[in-house]
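# Descriptive analysis of the structure
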Amino acid sequence: MIMRSPRRLRLVAVSGVVLLATAACSSGSSGGGSAGNGSSTSSAGTPVRGGTLNMLGSGDIDYMDPNISYYSIGYLALRLWSRQLFTYPAQPGDTTTAVPDLATEMPTVSNGGISKDGKTYTITIRQGAKWNTTPARQVTAADEVRGVKRTCNPVQPFGGIPDFAALIKGYQSFCNGMQSKKTAPEIANYIEHTNLPGVVATNSHTVVFHLTHPATYFLGVLTLPAFSPAPKEFLNYLPGSSQLAQHTLSDGPYEIQSYNPTKQIVFVRNPAWSAKSDPIRKAYVDKIVVSETGQQQSIQQQLETGSPSADMEWDSFPAPSQLPALIQKKDPNLNLGVTASTNPYILYNMVSPNNSGAMKKAAVRHAISYALDRSSMLQVLGGTKINPPLTHVLPPNILGSKNFDLYPHNAAKAKQLLKQAGVSHLTLKVLYRPSSQGSSKVFQTLQQDLSQVGIHVTGVTSPNADFYTKYLEVPSVAHRGVWDMAIAGWEADWYGNAALSFFNPLFSGKPSFPPVGSNFGFYDSAAANKLIQQATVAKTTKQAEGLWAKADMQVMKDDPFFPLTSPKQANYHASQVHNAIYVPAIQNFDPTNVWLAQGKQGG
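The rules behind the values
Residues numbered from 1 in each chain as written. Predicted model: local features only at pLDDT ≥ 70, side-chain atom pairs only at ≥ 80, totals over all residues. Heavy atoms only, no water. Helix = DSSP H or I, 4+ residues; strand = E, 2+ residues; numbered from the N terminus. Buried < 20%, exposed > 50% of the residue type's maximum accessible area, 1.4 Å probe, protein only. Contact = heavy atoms within 4.5 Å. Pairing = 2+ DSSP bridges. 1 Å grid on protein atoms, 1.4 Å probe; cavity = no way out; pocket = protein on both sides within 12 Å on 5 of 7 lines; lining within 4 Å. Points joined across faces, edges and corners; volume = space filled by probe spheres on them. Nonpolar A, V, L, I, M, F, W, Y, C, P; charged D, E, K, R; others polar. Disulfide = S-S within 2.5 Å. Phe/Tyr/Trp six-rings, centres within 6.5 Å; stacked < 30°, edge-to-face > 60°. Lys NZ or Arg CZ within 6 Å of the ring centre and 35° of its normal. Arc of directions from axis to C-beta. Axes fitted to C-alpha atoms, helices over the stretch in contact; angles between N-to-C directions. Salt bridge = Lys/Arg side-chain N within 4 Å of Asp/Glu carboxyl O.

## Concerning the side chain of Thr 342
Of note, Thr 342 is situated in strand β15 (residues 341-348). Given the relative accessible area of 1%, Thr 342 is considered buried. Setting aside chain neighbours within four positions, we find Thr 342 in contact with Leu 390, Val 393, Gly 489, Trp 490, Phe 502, Phe 561, Pro 563 and Thr 565.

Right, dumping it as structure tokens:
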């Protein structure tokens, strides 16, 4: 979710410890102890329906658009009102196994859903899933095709397109043909009247995907919100626009009653939603109010003290300074979930014109990497129990991960490399999010580390919601040298065999450059690109594993970023919240499945 994510997924927000998780480790309700170990427990008692769930945060989503959003907090919001063909359930102990959502079943070769050559996927959309139009209207296969087409619109394309651009038959050609369309009517006309050979509605309830080569990870791709269906009404507005955000249609259990960007989002029940059509979301509460103007430490205090207007976190998480005490007392409302992320990581802008283009030189990047003290940064993030070190691209629970460290902390080596490169008196601008204690502390530690080797660092601050959309996703910002380094985050777009969701969006050269991809530092290596391509089309898992390991080594030799940790994700909820199951794909407890204790149902 951007984190990602990605997401999420995708691009991720860096909060206290860092965010976003991937491997399953869910917590239970207030009755289940999970502090410090992320264990899964169930909520005791009979669920109570009704009430208002109050979620507190300090930032906004990226886009209120399922086919465009590529940010963990965007995915959290989408969980409430948008459905996918497949998704991850709030099922204790099994939150990273994809299951049918809008689809009637998981396609396999044996049931005819996947062709014998592995290049055709046939999926049936379940009946009873409806848009909240007047009157309510069935979600169709044509809606699914429309949603996929919208991902590569020229105004605001989906950030994870490199995951599947070359995989879906005819996708790249279809997208190329849309690039000259700039208005909503032009885009709408092209989408509605131009075929996409790789995604076809054969009837009202059957969609068929045609791939260019077999891909055992394709069902993981289909869990992305980008593959959500889109009603025809979405074409009245530019993708990702503020106008669309105010005129969304929902096929989930909640609909958007009001959206005041950066301030508040109010979700209420969707009258068109049928519980029988949705095997994922129970929707116990009647209303969900998201407040986006809080402060991290204050939010934590409200959750701990039982304030009636504080139930769950939104984009704010326990700060590093608060975690040791919560862990020590084994607070039952704290969950530490294992992740498959690199979060935070320090990104190098390889197209920055600053310092006579010094960041383009590998020796300068190597010097910076040697100068940075990973152990000090992990300490300020809460310690290695929460933030185990990560010294390369792939987290340990992703296929192809091998442990190595090319740049152990060595200030003397850093000075030597700077001298050899003929570079002195560097002043680097570092982009970070001051509302996040974790991001701020990493910035301060980075600033101190680099000062020890003669590099001066200044900060470029950004609100959470602007960090990606107004800085990293805008190519001209990097090319102008607004920033030289950035403190960002990423998680797997799906789980297990998911190395592709790191390498394609982040490190695959020009196809992954923003705004289409998330290669925000504009890294481009022929050697890495070749390995990524080979791994993508590998015929066996074992072959792919070896190639991904080689790609990891090549990227780290080129040194486009400095990884820190694949952290455990800390989440906290108030005691009145029950059935709080942590779902890594949304980096939080699933708000569509929690219920509130009788007499403590907010307002």
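## Quick word on the pairing of strand β2 (residues 52-56)
Counting buried positions along β2 yields 5 of 5 residues, so the element is predominantly enclosed. Alternating positions in β2 separate into two faces, Thr 52, Asn 54 and Leu 56 on one and Leu 53 and Met 55 on the other, with burial throughout. In this structure, β2 lies alongside strand β13 (residues 312-313), joined through 2 bridges in parallel fashion. If you follow Leu 56 over to β13, its bridge partner there is Glu 313.

## Digging into the layout of surface pockets
Estimated volume of the largest pocket: approximately 520 Å³. If you go around the largest pocket, you meet 30 residues; those closest to its centre are Pro 162, Ala 165, Ala 166, Gln 172 and Pro 511. Elements with a contribution of two residues or more to the lining of the largest pocket: α3 (171-178) and α17 (526-536). Tallied by class, residues from the lining of the largest pocket come to 18 nonpolar, 10 polar and 2 charged.

## A look at the state of the cysteines
By definition, a disulfide links two cysteine residues through a covalent bond between their sulfur atoms. On inspection of all chains with the given rule, the structure shows 1 disulfide. A sulfur-sulfur separation of 2.2 Å characterises the disulfide bridge that pairs Cys 152 with Cys 175. Judged by the sign of its S-S torsion, about -90°, the bond between Cys 152 and Cys 175 is left-handed. In this pair, Cys 152 sits in the loop between α2 (141-150) and α3 while Cys 175 sits in helix α3, placing the two residues 23 residues apart along the sequence.

## A word on unusual backbone geometry
In this structure, the amide linkage connecting Thr 134 to the following residue, Pro 135, adopts the cis form with an omega of 0°. A cis amide bond links Pro 514 with the next residue in sequence, Pro 515, at an omega value of 10°. By the element assignment, Pro 515 lies in the loop between α16 (500-507) and α17. Its identity is not glycine, yet Lys 330 carries a phi of approximately 55°, on the positive side. With respect to the helices, strands and loops of the structure, Lys 330 is situated in the loop between α8 (323-328) and β14 (334-337). A relative accessible area of 63% places Lys 330 in the exposed class. Even without being a glycine, His 425 presents a positive backbone phi close to 55°. Examined against the element boundaries, His 425 turns out to sit in the loop between α12 (411-420) and β16 (427-432). Here His 425 falls in the exposed class, since its relative accessible area comes to 73%.

## A few points about the packing of aromatic side chains
Given two aromatic rings, one states the distance between the centres and the angle between the planes to describe the pair. Under the counting rule described, the total for this entry stands at 22 aromatic pairs. With 5.1 Å between their ring centres and 45° between their planes, Phe 174 and Tyr 190 make a pair best called tilted. Placement of Phe 174 in helix α3 and of Tyr 190 in helix α4 (residues 184-193) is noted, with a sequence separation of 16 residues between them. The exposure classification of Phe 174 matches that of Tyr 190, with both residues buried. Ring geometry for Phe 507 and Phe 561: centres 5.3 Å apart, planes at 50°, overall tilted. You can see Phe 507 sitting in helix α16 and its partner Phe 561 sitting in strand β19 (residues 561-563), a full 54 residues away along the chain. What makes Phe 507 buried here is its relative accessible area of 5%. Judged by relative accessible area, which is 2%, Phe 561 ranks as buried. Site record: aromatic cluster; members linked through ring pairs are Tyr 70, Tyr 121, Phe 158, Phe 164, Tyr 171, Phe 209, Phe 218, Phe 227 and Trp 490. Geometry around Phe 467 places Arg 433 over its ring, the cationic atom sitting 3.9 Å from the centre.

## Examining α3
Where α3 is concerned, the buried positions are Tyr 171, Phe 174, Cys 175 and Met 178. Projected down its long axis, α3 shows its buried positions confined to an angular sector of 95°, all on one face. On its buried face, α3 sits against α2 and α4.

## What to know about the environment of Gln 448
Here Gln 448 lies in helix α13 (residues 437-451). The spacing of Gln 448 and Asp 373 is 75 residues in sequence and 9.7 Å in space, taken between C-alpha atoms.

## Re the sheet that holds strand β5 (residues 120-124)
Strand order in the open sheet formed by 3 strands is β5-β9-β8, with antiparallel pairing between adjacent strands. The sheet is open, and its two borders are formed by β5 and β8 (199-203), each paired with just one other strand. On average, each strand axis in the sheet is inclined to that of its neighbour by 25°, with strand direction left out of account. Strand direction decides the pairing type here: β8 and strand β9 (residues 206-210), joined by 4 bridges, are antiparallel.

## Details of the pairing of strand β18 (residues 485-491)
Burial analysis of β18 places 7 of its 7 residues in the buried class, the great majority of the element. As paired strands, β16 and β18 are joined by 2 bridges and run parallel to one another. Across the sheet, the residue bridging to Val 430 is Met 485, located in β18.

## Brief notes about empty space enclosed by the protein
Roughly 70 Å³ of volume is contained in the second largest cavity. In terms of lining residues, the second largest cavity is bounded by Tyr 345, Leu 347, Leu 506, Phe 507, Ser 518, Asn 519, Phe 520, Gly 521, Tyr 523, Pro 560 and Phe 561. At the level of secondary structure, the elements contributing two or more residues to the lining of the second largest cavity comprise β15 and α16. Here the lining of the second largest cavity is built from residues that sort into 8 nonpolar, 3 polar and no charged.

## Structural notes on the pattern of salt bridges
When the charged atoms of two side chains with opposite charge come close together, those side chains can pair. Summed over all chains, the structure comprises 15 salt bridges. Put simply, Arg 150 and Asp 65 hold a salt bridge, and the shortest N to O gap is 2.8 Å. Of this pair, Arg 150 sits in helix α2 while Asp 65 is found in the loop between β2 and α1 (72-81), placing the two residues 85 residues apart along the sequence. Notably, a salt bridge pairs Glu 233 with Arg 137, separated by 2.9 Å at the nearest N-O pair. Of this pair, Glu 233 sits in the loop between α5 (218-221) and α6 (242-245) while Arg 137 is found in strand β7 (residues 137-138), placing the two residues 96 residues apart along the sequence. Among the charged side chains, a salt-bridge network with shared partners connects Arg 83, Asp 101, Asp 278 and Arg 281.

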